[in-house]
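# Topology and contacts: notes
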Amino acid sequence: MFLFLLKLLEEDKLKVFLIAILLFPALLYIPINLNSEVGILGKIIDKRGNYYTVFSKKIYYENQWQNYRNYYKFYYGEFSTVPITTGKNVYIYGTIENDFLRAEYVAPANNNSIMKIKDLATNRLSENIQNNEALDILTSSFMGNIRDKEVFQKTGTLHLFAVSGMHVYIIYSMISFFLNFFILKRNLRLILYSTIITFYLVFTGFTPSSVRAVLLLVTLNLFRLFDVPVSSFNILGLIGYLNLLLIPNNLMNVSFQMSYAATFMILFTMNHVEYQYFKALSVPIAAYVGIFPIALIHFGEISLIGLFITPILTPAISLLILCSVLSILLPFNFVHSFSTFFALSIKNFVNLFTFYEPIEFSSLFIPLFLWSLIFLLYVWLLQVKKRKKAPIK
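Residues numbered from 1 in each chain as written. Predicted model: local features only at pLDDT ≥ 70, side-chain atom pairs only at ≥ 80, totals over all residues. Heavy atoms only, no water.

### Things to note about the overall build of the protein chain
Rule in force here: Runs of H or I in DSSP of at least four residues are treated as helices and runs of E of at least two as strands, each being numbered from the N terminus. Buried, partly exposed and exposed residues are distinguished by accessible area as a fraction of the type maximum, computed with a 1.4 Å probe on protein chains only: under 20%, between the cut-offs, and over 50%, respectively.
When helices and strands are tallied, the protein chain shows 15 helices and seven strands. When each of the 393 residues of the protein chain is scored for burial, the buried share is 46%.

Following this line, the structure appears as structure tokens:
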């Protein structure tokens with residue numbers, strides 16, 4: 001059914017009709033203002049010390065239980081006879097303020113989940129990496145949710161340490177690189193690539209950006225498996241729709257908005273750039289063009305230095321992820337020592353640029369107007385370049 005729907009989307013005459021039908025559920029969605037006391041039934045998807053992230057399934061609000069899916073972060077340092085670990089189903093009572101849950105009582109169920117693997121990996125990494133700063137960077141490079149954000153936020157490089165599509169693509173490339181040596185059959189490789197990268201979602205806590213990236217890769221592999229041509233834009237749109245159908249609140253999630261905006265611009269740019277070298281250079285620029293207005297609207301400031309640091313740090317993030325994985329799997333001290341040194345070196349390098357303060361804007365009209373001009377110029381240049389490369393018929 002999924003393949004059939006995507007294939008239909010390739011037919012231009014049916015696009016408007018299908019989009020109208022698919023958007024109909026949006027008319028039935030009524031957002032809930034949850035800045036109040038609530039009870040939550042959900043699953044713990046991330047744990048760092050006494051800081052947790054829960055994915056809600058139901059909420060008790062206005063004297064009744066309602067189905068409501070969303071992500072909430074909370075702190076809970078009280079003792080529990082049943083340990084609160086990743087993957088546990090929990091009941092939480094507390095107060096929600098701006099999507100942060102002030103938990104007063106947490107009751108975990110005595111159940112097991114495959115997500116317990118994330119806790120095992122986190123504990124293993126904390127045993128092997130003794131330096132807390134390095135541990136935070138290594139853990140976040142592989143699983144996201146960095147704690148010490150100040151340095152990276154000031155330099156506009158925080159997105160490199162919050163699991164996003166880039167991290168998923170890096171890990172997918174590593175998987176592809178190693179499996180290509182051992183498995184010759186293309187279809188078997190595609191199935192294994194998809195299975196392993198889907199399993200990686202357990203470590204990310206099923207964040208909107210990682211789910212989007214994984215579903216995009218898996219769906220593309222599915223079409224390659226059956227040799228069916230399909231537009232990556234249509235896949236991205238359908239995945240975004242399904243994501244919002246499952247969790248409507250993601251529409252207001254900054255990470256969700258940035259993730260899809262950046263991916264759209266990257267796909268658009270890749271379709272207009274031929275040389276691999278220029279493709280690699282244009283990815284951070286395309287992503288920056290995509291997320292600029294969203295970051296400006298939500299935060300009222302922008303760090304231009306991040307545009308220049310990101311291409312330099314991107315290869316380093318690949319090695320950082322590899323260090324994190326090896327530090328989890330291998331018991332060798334020299335691996336742990338090198339991982340610690342490399343993680344601290346990256347933070348020290350980024351720290352060199354903290355004197356470049358983010359640019360704050362009291363009014364958004366002028367910067368958004370300038371961005372619109374830059375965006376139009378960017379698109380025009382790509383279109384002109386593609387027309388010049390097109391063969392004369």
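Moving on from the model shown.
### Notes on the pairing of strand 1 (residues 37-48)
The following threshold applies: Here a strand pair is declared whenever DSSP counts at least two bridges between the two strands.
Of all twelve residues that make up strand 1, nine are buried, and the element is covered over most of its length. Bridge count between strand 1 and strand 4 (residues 89-97): seven bridges; the pairing is antiparallel. Along strand 4, the bridge assignment pairs Gly 42 with Val 90. Summarising the sheet, strand 1 and strand 2 (residues 51-61) pair through nine bridges and their orientation is antiparallel. Among the inter-strand pairings, Lys 47 is bridged to a residue of strand 2, identified as Tyr 52. Counting the residues that bridge the hairpin from strand 1 to strand 2 gives two residues, and of these Gly 49 lies at a positive phi of roughly 70 degrees.

### What about the nonpolar core?
Our working definition: In this description, a nonpolar core means a group of buried Ala, Val, Leu, Ile, Met, Phe, Trp, Tyr and Cys residues linked to one another through side-chain atoms lying within 4.5 Å. Pairs of residues are marked as contacts when any of their non-hydrogen atoms sit within 4.5 Å.
Counting 46 residues, the largest nonpolar core has Phe 142, Phe 161, Ile 197, Tyr 200, Leu 320 and Ile 346 as the members making the most contacts within it. Ignoring anything within four residues of it in the chain, the contact list for Tyr 200 reads Phe 142, Val 163, His 167, Val 168 and Ile 171. One finds Met 258, Ala 261, Ile 302 and Trp 371 within the second-largest nonpolar core, a separate group that totals 20 residues.

### Structural notes on helix 10 (residues 232-246)
Put simply, the test is: Take the residue count of a helix, subtract one, and multiply by 1.5 Å to get its expected span. Polar contact criterion, stated in full: a pair of N or O atoms within 3.5 Å, where within protein one must be able to donate a hydrogen and the other to accept it, and residues adjacent in sequence count only if both atoms are side-chain atoms.
In this model, helix 10 (15 residues) spans 21 Å end to end at C-alpha, consistent with the 21 Å of a helix rising 1.5 Å per residue. Taken residue by residue, helix 10 has Ser 232, Asn 234, Ile 235, Leu 236, Leu 238, Ile 239, Gly 240, Tyr 241 and Asn 243 as its buried positions. Capping the start of helix 10, Ser 231 holds a side-chain oxygen 3.2 Å from the backbone nitrogen of Phe 233, two or three residues further along.

### Considering the UniProt feature "transmembrane region" (unreviewed entry) in the protein chain
Note the following rule: UniProt positions are given in the numbering used here, feature names are shortened, and annotations may be inferred rather than shown by experiment.
As annotated by UniProt and renumbered to match this structure, "transmembrane region" (unreviewed entry) occupies residues 14-32, 158-183, 190-208, 228-247, 285-309, 316-344 and 364-384. In residues 190-208, the share of helix is 79% and the share of strand is 0%. The end C-alpha atoms are 23 Å apart. Taken as a whole, residues 285-309 contains 80% helix and 8% strand, while its terminal C-alpha atoms sit 11 Å from one another.

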